[in-house]
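Residue-level listing of the chains:
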Amino acid sequence: LNEGQILPDQPDIKIINRQINGYVGFANLPKQWHRKSIKNGFSLNLLCVGKGGIGKTTLINSLFNENFDIKDNNNIIPEKPLDLANEDEHGNETDEGLHSNVKIETITKTIEENGVRLKLTVVDAPGFGDAIDNTNAWEPIIKEINSRYDQYLDSENKINRNLNDDNRIHACLYFIEPTAHWLKQIDLEFCSMIHEKCNLIPVIAKSDILTDEEIIRFKERINKQFVERNIQTFKPPVYKLDDKETIDVANKLYESLPYAVVGSNDFVTDPTNPEKTIRGREYPWGIIEVENESQSDFILLRDLLIKQYLEELHERTNNVLYENYRSEKLINLGIKQDNSVFKEFDPNMRQEEEKKLHEAKLAKLEAEMKNVFQLKVSEKEKKLQKSETELFARHKEMKDKLTKQLKALEEKKHQLEMSIQSQAQSSPAQPKKKGFLR
Ligand code: GDP
């Protein structure tokens, strides 16, 4: 209202605070919500990245008490068509093992515990860090994350949306080698590419081979390198209404990153109770218990990932990481983004967005088809060239053969003529026979 503006007479407004007599039921809303989540089940799409043999499978099995064999599954998505594997775009053979050849493999299992279901998808990137030259080893992984975002964007724009199937990556476990030294170039390169794409949770693998002192110093160095490179690891959010205990837990979980973890597929006798077996690693000098908080950060990882912050990992993926990807993509397509919280739904704008997205998809498809076409044409051309050269060679061979034959025949003819001539000279001419009829 402008200052000095005279208001028409207003009736007295009384605000009545009414006590509800009897039970209405909305107090039960959180419980209903909770029950619904339990009924629908939870989901987690977890990306695991690290060198082969660093302990990824063992840690996943230890975390979910399962027997995943992420190396032995059928969902392998080869990066290139099989007949073109080990060939570059020019058809030349590449040095296998020298340059990185990262594949993407996924495995999904539904795990149930006390009636609560968790659909767990593990996305593995075999080949990462295994080559001599690991430049751009992150590329196929980023491509995978983007294509999962694109798929979600597509389903968001469909009229019959089915957003229950969320295939976006909710967290990335990055396995650091237990060198007790510094992060390597490949670690820094990967983490700086990934941290704005998905929630990054770094872990120091096989930390049982390091002493407590080494772990502390290694963590300090890693965090220093992360700060220098502006790499953000996942930070459990703290809300205004959180109590001190919750805030302390969130801070501890954040400050303990990267988690020094230990995994094991074996069960050993519990040192405190010979009747019980526990997940652990048995050494001549003693037992390392996977779930013993004083021996590793395994419990912290499980708390962050499953017990305490599963929902927050989903929320950040959706509200921050995916939203950034989405608006960047739409801006690139020339669609203006309004990031205000209370944006109104504008059907024309939505239609425009859908049209542009559809056009972009078509253009991408066309480009891909052109590429395949080019590839096939150049393959065919190569084959034709080869058979043309073969044909020329055969033609030349035949021609040479025929020339030889012709030469031999002419030689023979010449000899015959010579012999006829010499015969004619040696015998006198015969008188002509007279005919009987005249
Ligand atoms: P992946 O190729 O990254 O999946 O590695 P695996 O999980 O198959 O582990 C490779 C080897 O490392 C196996 O022999 C495991 O027993 C061993 N291993 C796995 N986790 C640990 C660990 O925390 N500590 C130690 N010392 N060895 C481990």
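Presented here is an overview of the structure given in this document. Please read these numbers as outputs of a predicted model, since none were measured by experiment.

1. Observations concerning the overall build of the protein
Reasoning step 1: Within the protein, the regular secondary structure consists of 9 helices and 9 strands.
Reasoning step 2: Out of the 438 residues in the protein, the part that is buried amounts to 22%.
Reasoning step 3: Taking as baseline every contact in the protein between residues at least 6 positions apart, the subset at least 24 positions apart corresponds to 68%.

2. Looking at the sheet that holds strand β9 (residues 286–289)
Reasoning step 1: In spatial order, the strands read β7-β8-β9; together these 3 strands make up an open sheet with antiparallel pairing. Each edge of the open sheet carries a strand with a single partner, namely β7 (267–270) and β9. Taken over all neighbouring pairs, the strand axes of this sheet differ in orientation by 70 degrees on average, direction set aside.

3. Some details on the site of the ligand
Reasoning step 1: Close to the ligand lie 13 residues; Gly-55, Lys-56, Thr-57, Thr-58 and Lys-206 are nearest.
Reasoning step 2: Tallied by class, residues from the shell around the ligand come to 3 nonpolar, 7 polar and 3 charged.

4. Quick notes on the environment of Asn-167
Reasoning step 1: The residue Asn-167 is located in the loop between α3 (139–157) and β4 (171–176) in this model.
Reasoning step 2: Its 16 C-beta neighbours within 10 Å are what place Asn-167 among the partly exposed residues.
Reasoning step 3: Leaving out residues up to four positions away in the same chain, Asn-167 has contacts with Asn-45, Arg-148, Gln-151 and Tyr-152.

5. Things to note about the nonpolar core
Reasoning step 1: One finds Val-49, Cys-172, Tyr-174, Val-203 and Val-261 to be the most contacted residues of the largest nonpolar core, which totals 63 residues.
Reasoning step 2: Apart from the residues lying within four places of it in its own chain, the contact partners of Val-203 are Leu-173, Tyr-174, Phe-175, Ile-176, Pro-258, Tyr-259, Val-261 and Leu-301.

6. Regarding the sheet that holds strand β6 (residues 259–260)
Reasoning step 1: The strand order across the open sheet formed by 6 strands is β2-β3-β1-β4-β5-β6, and the pairing between neighbours is mixed. Taken across any chain shown, the strands that pair with only one partner, and hence form the sheet edges, are β2 (105–113) and β6.
Reasoning step 2: Direction of pairing for strand β1 (residues 42–49) relative to β4: parallel, over a ladder of 4 bridges. Opposite Val-49, over in β4, you have Tyr-174 as the bridge partner.
Reasoning step 3: Sitting on the sheet, helix α4 (residues 185–194) touches β1, β4 and β5 (200–204), and the angle it makes with β4 is about 170 degrees.

7. Here we look at helix α5 (residues 212–228)
Reasoning step 1: In this model, α5 (17 residues) spans 25 Å end to end at C-alpha, consistent with the 24 Å of a helix rising 1.5 Å per residue.
Reasoning step 2: Among the residues of α5, those classed as buried are Phe-218, Lys-219, Ile-222 and Phe-226. Summarising the axial view, the buried residues of α5 lie within an arc of 105 degrees, below the 170-degree limit, and thus occupy one face. In α5, the exposed positions angled more than 90 degrees off the buried face are occupied by Glu-213, Ile-216, Glu-220, Lys-224, Val-227 and Glu-228.
Reasoning step 3: Just downstream of α5 lies Asn-230, where phi reads positive at about 60 degrees.

8. Here's the deal with unusual backbone geometry
Reasoning step 1: In this structure, Pro-258 follows Leu-257 across a cis peptide bond, with omega equal to -10 degrees.
Reasoning step 2: For Pro-258, the location among the structural elements is in the loop between α6 (244–255) and β6.
Reasoning step 3: Despite not being glycine, Asn-65 has its phi angle at roughly 50 degrees, a positive value.
Reasoning step 4: Along the chain, Asn-65 falls in the loop between α2 (56–64) and β2.
Reasoning step 5: One non-glycine residue, Asn-230, adopts positive backbone phi at about 60 degrees.
Reasoning step 6: Structurally, the position occupied by Asn-230 is in the loop between α5 and α6.

9. Here's the deal with the pairing of β7
Reasoning step 1: When β7 meets strand β8 (residues 273–283), the two strands line up antiparallel, connected through 4 bridges. In the strand pairing of β8, Thr-269 is matched with Thr-277.

10. Notes on the environment of Glu-213
Reasoning step 1: Relative to the helices and strands, Glu-213 resides in helix α5.
Reasoning step 2: Put simply, Glu-213 and Ala-180 are 33 residues apart on the chain and 9.8 Å apart in space, counted from C-alpha to C-alpha.

11. Here's the deal with the pairing of strand β3 (residues 116–124)
Reasoning step 1: When β1 meets β3, the two strands line up parallel, connected through 7 bridges. Paired with Asn-45 across the bridge in β3 is Thr-121.
Reasoning step 2: Across 9 bridges, β2 lies against β3 in antiparallel orientation. By the bridge assignment, Thr-108 is partnered in β3 with Thr-121.

12. Considerations on the environment of Lys-252
Reasoning step 1: Position of Lys-252 relative to the elements: it lies in helix α6.
Reasoning step 2: Look at Lys-252 and you get exposed, because 12 C-beta atoms sit within 10 Å.
Reasoning step 3: Sequence-wise, Lys-252 and Pro-236 are 16 residues apart; in three dimensions their C-alpha atoms are separated by 9.6 Å.

Calculation rules
Residues numbered from 1 in each chain as written. Predicted model: local features only at pLDDT ≥ 70, side-chain atom pairs only at ≥ 80, totals over all residues. Helix = DSSP H or I, 4+ residues; strand = E, 2+ residues; numbered from the N terminus. Buried ≥ 20, exposed ≤ 12 C-beta atoms within 10 Å, placed from the backbone. Contact = placed C-beta atoms within 7 Å. Pairing = 2+ DSSP bridges. Axes fitted to C-alpha atoms, helices over the stretch in contact; angles between N-to-C directions. Near = placed C-beta within 6 Å. Nonpolar A, V, L, I, M, F, W, Y, C, P; charged D, E, K, R; others polar. Core = buried A, V, L, I, M, F, W, Y, C linked by C-beta atoms within 7 Å. Expected span 1.5 Å × (residues − 1). Arc of directions from axis to C-beta.

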